[in-house]
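# Working through the structure, step by step
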Amino acid sequence: MAKNAFRKTSIGRKVLMALSGLFLMLFLLQHLTINMLSVISPDMFNEVSHFMGTNPIVQFLLQPILIAAIIFHFVMGIALDIMNNKAREVKYAYNKPSANSTWMSRNMIITGLVILAFLGLHFYDFWIHEITEKYIEGDMSGLNAQGEFRYHEELVEKFVDIWRVIIYCISFVLLALHLQHGFASAFQSVGARTGKNKTALQKFGNIFAFVVPAGFIFIALFHHFTHGAH
Amino acid sequence: MNLTLKIWRQKGPKDQGKMVDYKVSDISEHMSFLEMLDVLNEQLIEKGEEPVAFDHDCREGICGMCSLYINGEAHGPDRGVTTCQLHMRMFNDGDTIYIEPFRAKAFPIIKDLTVDRSAFDRIQHAGGYVSVNTSGNTQDANAIPIPKDDADKAFDAATCIGCGACVASCKNSSAMLYVSAKVSQFALLPQGQIEAKDRVLNMVNQMDLEGFGNCTNTGACEVECPKGISLENIARMNREFLKASIK
Ligand code: HEM
Ligand code: SF4
Ligand code: FES
């Protein structure tokens, strides 16, 4: 029997979706750790930012993998949603999905698309600026006009605008909802969830889904209220 | 009790179909849901109208023939039962009840509330079996020791009656709960090992060809399944599929 390639089978897609999601969650954890430094010690934040921004392994290996994972995740997520909608042509006149599943699990595409819109803004805010500075203008020093590292001040400046902070917070609430389902779901997709670890996975997933976005929100609010005045 | 029924009527596979209102009265709360529909059909036949077509056979929750999406849930509001086991005491006098067919592209409507679930049969044919030599010296199955836990889980998976409630409840019309039950009932037993690789690959391939959607782990199927088939089976099928794809 002629069979589809792994990435074109239903389970293959599920597994790849989960692997990209798991990778993105690891990335979030790393990103949060570094951002936390901006609250604890601006100097440390500058050092680490400079390292991440200039280290060739980070820049030319990890960064492309990250971008590929993000693109794969949202393109596949959107494609799957379209295909899944087509699998039921006539909808029910009366449906009661709340009786058997959570809002988070049914609306991954909505929470995902909001995150995607946020990522657009985020790229515009930080990434495009970094690329222009480093690779187009060729200034790899990471220094400002006064000869100090520019990363911390650039970060803080972004959070002066209250609207940006609000958009930031809303997006992270939606990320929390995405992960509340996504965390345990990813383990189920790769076949790692069992009757024994199911409850623990969901509990840990709930903690992860709360703590990580809450951390990012805390950082945004911290900078807005401590440095927002100038 | 007296009820208003909103029922999907569709003359044939190609007909447009629509929801039609009916009234039934003096329904006993001890009746099963299908008996209530029998009462409606008697009324319709007496009036010279076409009775409502719906699937049923054993009427005791073992054949998997009955279906129906009742008030937004497969097999109605009760848990762990099929529509034939659903009692009218789950409803109140004066209620309006929506009755629709199980909907999925892979389950085309034949007439009214009856749908064609032969896609499930084709998935079974693709690998849901063990080849047993019937030469006359077949080994007694009990001669092979099997851990109790595995035997129990295989048995639990084997209680799937192939009703399709999982597909009907899933927002993606995914058949993964059904297929995973059929994969698991063999994957857990030594007799199933020889054909394990081809089984999972062929059954998943057939499932994809039939046009079912892709699982997003919402878990609606597990809640609505009349036999309590667990999501654990889907995780097991994913593992089996991964193993089979890598080797
Ligand atoms: C940092 C950002 C993100 C993280 C950490 C993340 C994480 C995850 C995780 C862990 C899953 C579960 C995978 C599974 O069920 O196997 C998931 C599913 C999903 N994600 Fe994301 N995601 C992110 C961004 C996005 C974006 C931008 C979209 C855009 C559309 C998106 C759309 C989806 C969809 C539709 C699903 C459900 C797919 C399915 O279960 O088949 N996600 N995500
Ligand atoms: S898994 Fe449950 S809902 Fe699905 S076909 Fe089997 S018995 Fe019916
Ligand atoms: S009629 Fe057999 S299970 Fe309902």
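The rules behind each value
Residues numbered from 1 in each chain as written. Chains lettered and ligands numbered in written order. Predicted model: local features only at pLDDT ≥ 70, side-chain atom pairs only at ≥ 80, totals over all residues. Heavy atoms only, no water. Near = heavy atom within 4 Å. Polar contact = N/O pair within 3.5 Å; in protein donor to acceptor, adjacent residues only side chain to side chain. Helix = DSSP H or I, 4+ residues; strand = E, 2+ residues; numbered from the N terminus. Nonpolar A, V, L, I, M, F, W, Y, C, P; charged D, E, K, R; others polar. Phe/Tyr/Trp six-rings, centres within 6.5 Å; stacked < 30°, edge-to-face > 60°. Buried < 20%, exposed > 50% of the residue type's maximum accessible area, 1.4 Å probe, protein only. Lys NZ or Arg CZ within 6 Å of the ring centre and 35° of its normal. Donors = N, O, S within 2.8 Å, 3.2 Å for Na, K, Ca; no water. Tetrahedral: all angles 85-135°; square planar, octahedral: opposite > 155°, others 65-115°. Core = buried A, V, L, I, M, F, W, Y, C linked by side-chain atoms within 4.5 Å. Domains from an automatic or database assignment. Contact = heavy atoms within 4.5 Å. Buried area = accessible area lost by both parts, 1.4 Å probe. Salt bridge = Lys/Arg side-chain N within 4 Å of Asp/Glu carboxyl O.

## Some points on the site of ligand 1
Near ligand 1 you find 25 residues, and of these A18, H73, H178, S185 and S189 of chain A are the closest. Ligand 1 sits at the junction of chains A and B, each of which supplies nearby residues. S185 of chain A places a polar side-chain atom, nitrogen or oxygen, 2.5 Å from an oxygen atom of ligand 1. Contacts to ligand 1 include S189 of chain A, whose side-chain N or O atom sits 2.7 Å from an oxygen atom. Elements supplying a minimum of two residues to the shell around ligand 1: α1 (10-40), α3 (56-86), α5 (108-136) and α7 (162-189) of chain A. Within the shell around ligand 1, the residues separate by chemical class into 14 nonpolar, 10 polar and 1 charged.

## With respect to the packing of aromatic side chains
Aromatic ring pairs: the centre-centre distance and the angle between the two ring planes describe each pair. Enumeration according to the criterion identifies 20 aromatic pairs over all chains in this entry. On the numbers, 4.9 Å between centres and 80 degrees between planes, the contact of Y94 of chain A with Y98 of chain B is edge-to-face. On the criterion of chain membership, the pair formed by Y94 of chain A in the loop between α3 and α4 (103-106) and Y98 of chain B in strand β5 (residues 96-100) is interchain, its members lying in two chains. Look at Y94 of chain A and you get partly exposed, because its relative accessible area is 29%. Measuring from ring centre to ring centre gives 5.3 Å for F107 of chain B and F120 of chain B, while their planes differ by 75 degrees; the resulting arrangement is edge-to-face. Here F107 of chain B is found in the loop between β5 and β6 (109-111), whereas its partner F120 of chain B is found in helix α2 (residues 118-127), with 13 residues between them in sequence. With relative accessibility at 3%, the residue F120 of chain B sits in the buried group. Ring-pair connections join several aromatic residues into one group, and the members of that group are F118, F159, Y168, F172 and F216 of chain A. Looking at K158 of chain A, its charged tip hangs above the ring of F126 of chain A, at a distance of 5.9 Å from the centre. One Lys or Arg, R103 of chain B, reaches over the ring of W8 of chain B and ends 4.3 Å from the middle of that ring.

## Quick word on the coordination of the iron atom of ligand 1
Think of it this way: four donors in a tetrahedron around the metal ideally sit 109.5 degrees apart, and six in an octahedron ideally sit 90 or 180 degrees apart. Residue and element names in this part refer to chain A. Bound to the iron atom of ligand 1 are the protein donor atoms H73 (NE2) and H178 (NE2), situated 2.0 Å from the metal. One can describe the site at the iron atom of ligand 1 as octahedral: its 6 donor atoms subtend angles covering 86 to 179 degrees at the metal. You can see H73 sitting in helix α3 and its partner H178 sitting in helix α7, a full 105 residues away along the chain. In this pair, the class of H73 matches that of H178, namely buried.

## Topic: the nonpolar core
The nonpolar side chains of a soluble globular protein tend to be buried, and buried together. The biggest cluster of nonpolar side chains holds 75 residues, and the ones touching the most others in it are L5, F33, M36, L37, M88, I99 and F212 of chain B. The element that contributes the greatest number of residues to this core is helix α5 (residues 176-187) of chain B, accounting for 7 residues. Looking at which domains feed residues into this core, each of domain 1 (3-111) and domain 2 (118-246) of chain B gives three or more. Beyond its immediate sequence surroundings of up to four residues, M36 of chain B is in contact with L3, L5, V24, I27, M31, M88 and I99 of chain B. The next biggest cluster of nonpolar side chains, apart from the first, holds 27 residues, and it includes Y151, F159, L175 and I217 of chain A.

## With respect to the domain arrangement of chain B
Interface extent is often summarised as the accessible area lost during association of the parts. Residues and elements named next belong to chain B. When its domains are assigned, chain B resolves into domain 1 (3-111) and domain 2 (118-246). With centres defined by C-alpha atoms, the gap from domain 1 to domain 2 works out at 29 Å. Between domain 1 and domain 2, the contact holds 19 residues from the first and 19 residues from the second. Between domain 1 and domain 2 the total buried area reaches about 1400 Å² when both faces are included, carbon and sulfur atoms providing 57% of it. Across the domain 1-domain 2 interface, the total number found is 1 salt bridge. For the interface between domain 1 and domain 2, the tally reads 2 residue pairs in polar contact (both at pLDDT 80 or more).

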